[in-house]
Amino acid sequence: MTKLGLFLFIGFAGMLVGCSTGSSQFSSSRMDYNQALQETEQKELLLNIVRLRYNEPPAFLQVTGISSQFEFTSELLIGGETDGDGRLEVFSPEAAISFSSRPTVTFSPQQEKEFTRQIMAPVGPETLYRLIEYGWGLERVFGLMVRRINDVGTPVGLEREALEVPTEQLDVFRKLGLWQRTHQLELALVSRSVGVLDGYFIHELGLDDLTALREKGYGLIREEDGYTLTEEKESLELIVSAPLAGSAGWLSLADRLNLDGQAGTYRIDPMRNSQQNSFQLTVALRSPLEMMAFLSRGVSIPASHHNDRVAPDWPIPDGLEFFHVYASHQKPTDTYLAVEHLGIWFYIPKDDLESRRTLGLMSSLIRQEVQAGGAENLPVLTLPVGR
């Protein structure tokens, strides 16, 4: 092979290597973006919890776009000199390969009415079920999301300044969590036929009427003087195993919650109404914003902020052992997550698995309960994150 042929072969191979490099760089960039987005989402959540400890409003940014331009260029230059007879005397090849990326991330503030409504509205019982089914654990989910169960817990409006989580409420959650982990009780979404309107009867229905109702998903229950219009609805129920239902521990807890201890199945209802009975658990559920404010009570603040009245002088409530954020004047090391606020570093240590799991639960709940809203007519911040 001539020198020229050899060099062309090497140059072509170099360009193939460059293409491979570009492909691997693209894959690496994607993973870097994924990691960065997850970390910044967690940091934003932690920062907002810290802000609520200082009675400051939270702020959320939504990533609305990520774009990146990848450029790959290669140059191949060949030079040479010949002697008087035209034979090549000096052969001077040159090659250059370059690769660059220009990523851009676009953020928009979440301030629209729908986002505000979602973050301030109490979550539904279905969310309890989904998070427990996912594996977060009944005790942790109830501890974060449930403010009051039947008459046990904190009344509305008093939780923010409470010095402790009521001991009786903690005891209820711990027992339910223990029985759930040992498969003695479970939560289940059950589909049942319910009347659309109480006491509403339909007389003299024809075949066409029945067919139309069936097509719309309604059912009919025959009564003495007509039919009751029904529809299928899912409800969350607590199902107690037969051995547990006969135990002294369950009967004692059922008595405290004003339940019929022998029923075995109890409907979980988020609203207190006139139909409250001994077969029903009424739970007061927090909104995502209330949950963040509840967790903010687990944030330690420096003594100077107490003395200067920068933040309320609240002790960490007894019973909030599943979430704790530490404070330091110096940037901490060996942390799972750390954010700076008012010149102080707030952090969760890497070995604090309880707090890490609770923050993960809170993050999962926000993703599930709060939809990413649009950002029409709002300012947009675009940041180049690399070059």
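Quantities reported herein were computed from a predicted structural model and do not represent experimental measurements.

Here is what the cut-offs are and how they apply
Within each chain, residue numbers correspond to sequence positions counted from 1 in written order. Residues qualify for local features only when their pLDDT is at least 70, as the model is predicted, and side-chain atom pairs are given and counted only at 80 or more; totals for whole chains, interfaces and linings, by contrast, use all residues. Side-chain metrics in this entry use all non-hydrogen atoms of the structure; hydrogen atoms and water are not considered. The secondary structure listing takes helices from DSSP runs of H or I that are at least 4 residues long and strands from runs of E that are at least 2 residues long, numbered from the N terminus. Note on classification: 1.4 Å probe, protein chains only; a residue is buried when its accessible area is under 20% of the maximum for its type, exposed when over 50%, partly exposed between these limits. Contacts: residue pairs with any heavy atoms within 4.5 Å of one another. Exposure was quantified through the Shrake-Rupley algorithm and a 1.4 Å probe, taking into account, for residues, occlusion by the shown protein chains and nothing else. Across the chain, each position has a pLDDT score giving the predictor's confidence in that residue, from 0 to 100. Note on pairing: DSSP must find at least two bridges between two strands before they are called paired. To pair, rings of Phe, Tyr and Trp, with the six-membered ring standing in for Trp, must have centres within 6.5 Å; the planes then decide the type, stacked if under 30 degrees apart, edge-to-face if over 60, and tilted in the middle. Both a distance and an angle decide whether a charge sits over a ring: NZ of Lys or CZ of Arg must be within 6 Å of the ring centre and within 35 degrees of the ring normal. In this description, a line fitted to the C-alpha atoms serves as the axis of each element, helices being fitted only across the stretch in contact, and the angle between N-to-C directions of two axes falls anywhere from 0 to 180 degrees. Any angle that falls under 35 degrees is termed roughly parallel, while one over 145 is termed roughly antiparallel, one within 65 to 115 roughly perpendicular, and all others oblique. Left-handed describes a crossing whose near helix is turned anticlockwise from the far helix through less than a right angle; right-handed describes the clockwise counterpart. Three classes are used: nonpolar for Ala, Val, Leu, Ile, Met, Phe, Trp, Tyr, Cys and Pro, charged for Asp, Glu, Lys and Arg, and polar for all others, with Gly counted as polar. By nonpolar core is meant a set of buried Ala, Val, Leu, Ile, Met, Phe, Trp, Tyr and Cys residues that side-chain atoms within 4.5 Å join together. Salt bridges are counted wherever a side-chain nitrogen of Lys or Arg sits within 4 Å of a carboxyl oxygen of Asp or Glu.

1. Examining the overall build of the protein chain
When helices and strands are tallied, the protein chain shows eleven helices and 14 strands. Counting across all 387 residues of the protein chain, residues that qualify as buried make up 37%. Long-range pairs, those at least 24 residues apart, make up 69% of the contacts in the protein chain with a sequence separation of at least 6. Just so you have it, the protein chain exposes about 22,300 Å², and 52% of that area is on carbon and sulfur atoms.

2. Concerning the confidence of the model for the protein chain
With 67% of its residues at a pLDDT of 70 or more, the protein chain shows a mean pLDDT of 78. When pLDDT is averaged over each helix and strand of the protein chain, the minimum, 52, is found for strand S14 (residues 381–384) and the maximum, 96, for strand S13 (residues 344–349). Confidence drops under a pLDDT of 50 for residues 372–378, and excluding neighbours within four residues, the segment shows ten contacts in the predicted structure.

3. Here we look at the pairing of strand S3 (residues 146–149)
Two faces belong to every sheet, and in a regular strand the side chains alternate between them. As judged from the three bridges shared by S3 and strand S10 (residues 280–285), these two strands associate in the antiparallel manner. Bridged to Arg148 within S10 is Ala284. Note that S3 and strand S4 (residues 152–153) share two bridges and pair antiparallel. Across the sheet, Ile149 pairs through a bridge with Val152, a residue of S4.

4. Section: the packing of aromatic side chains
We describe a pair of aromatic rings using the distance from one ring centre to the other and the angle between the two ring planes. Considering all chains together, one arrives at eight aromatic pairs under this definition. Between Tyr134 and Trp136 the ring centres are 6.0 Å apart and the planes differ by 35°, which places this aromatic pair in the tilted class. Residue classification places Tyr134 among the exposed residues on the basis of a relative accessible area of 63%. A ring pair is formed by Phe142 and Phe173, whose centres lie 5.7 Å apart and whose planes are at 80°; its orientation type is edge-to-face. Taken together, the residues Phe142 in helix H4 (residues 138–145) and Phe173 in helix H5 (residues 167–181) connect sequence positions 31 residues apart. Each member of the aromatic cluster is reached from another via a ring pair, and the members are Trp179, Trp250 and Tyr266. Here the basic side chain of Arg286 rests over the ring of Phe294, its NZ or CZ set 4.0 Å away from the ring centre.

5. Describing the sheet that holds strand S12 (residues 335–341)
Strand order in the open sheet made by the three strands is S11-S13-S12, with antiparallel pairing throughout. If you trace the sheet from one side to the other, it starts and ends with strand S11 (326–328) and S12, each paired once. In this sheet, adjacent strand axes meet at a mean angle of 30° when their direction is disregarded.

6. Brief notes about the packing of H5 against helix H8 (residues 248–256)
Between H5 and H8, whose axes approach to 12 Å, the crossing angle comes to 140°. With respect to H8, the axis of H5 lies oblique. For the pair H5 and H8, the crossing hand works out as left-handed. For the pair H5 and H8, contact is made by Glu168, Val172, Leu176 and Trp179 and by Gly249, Trp250, Leu253 and Arg256, respectively. Residue classes in the contact of H5 with H8 are distributed as five nonpolar, one polar and two charged.

7. A look at the nonpolar core
For soluble globular proteins, nonpolar side chains are generally found buried alongside one another. Judged by nonpolar contacts, the single largest core of 68 residues is most densely connected at Phe142, Ile149, Leu176 and Trp250. At six residues, the largest contribution of residues to this core is made by helix H1 (residues 3–53). Those residues in contact with Leu176 that sit more than four places away from it in its chain are Leu138, Phe142, Ile149, Leu185, Trp250 and Leu253.

8. Some thoughts on unusual backbone geometry
For Arg309, which is not a glycine, the phi torsion comes out positive at approximately 55°. Secondary-structure assignment places Arg309 in the loop between helix H10 (303–307) and S11. The class for Arg309 is exposed, based on a relative accessible area of 75%. One non-glycine residue, Leu342, lies in the positive phi region at around 55°. Topologically, Leu342 is positioned in the loop between S12 and S13.

9. Details of helix H9 (residues 288–296)
H9 sits mainly inside the fold: seven of its nine residues count as buried. Every buried residue of H9 is listed here: Pro288, Met291, Met292, Ala293, Phe294, Leu295 and Ser296.

10. Details of the pattern of salt bridges
One pass over the full model with this rule turns up eleven salt bridges. Residues Glu354 and Arg140 are paired through a salt bridge, measuring 3.1 Å at the closest nitrogen-oxygen approach. Taken together, the residues span a long stretch of sequence, with Glu354 in helix H11 (residues 353–369) and Arg140 in helix H4 at a distance of 214 residues. A cluster of three or more residues bridged by salt bridges with shared partners is formed by Glu139, Arg174, Arg181 and Glu321.

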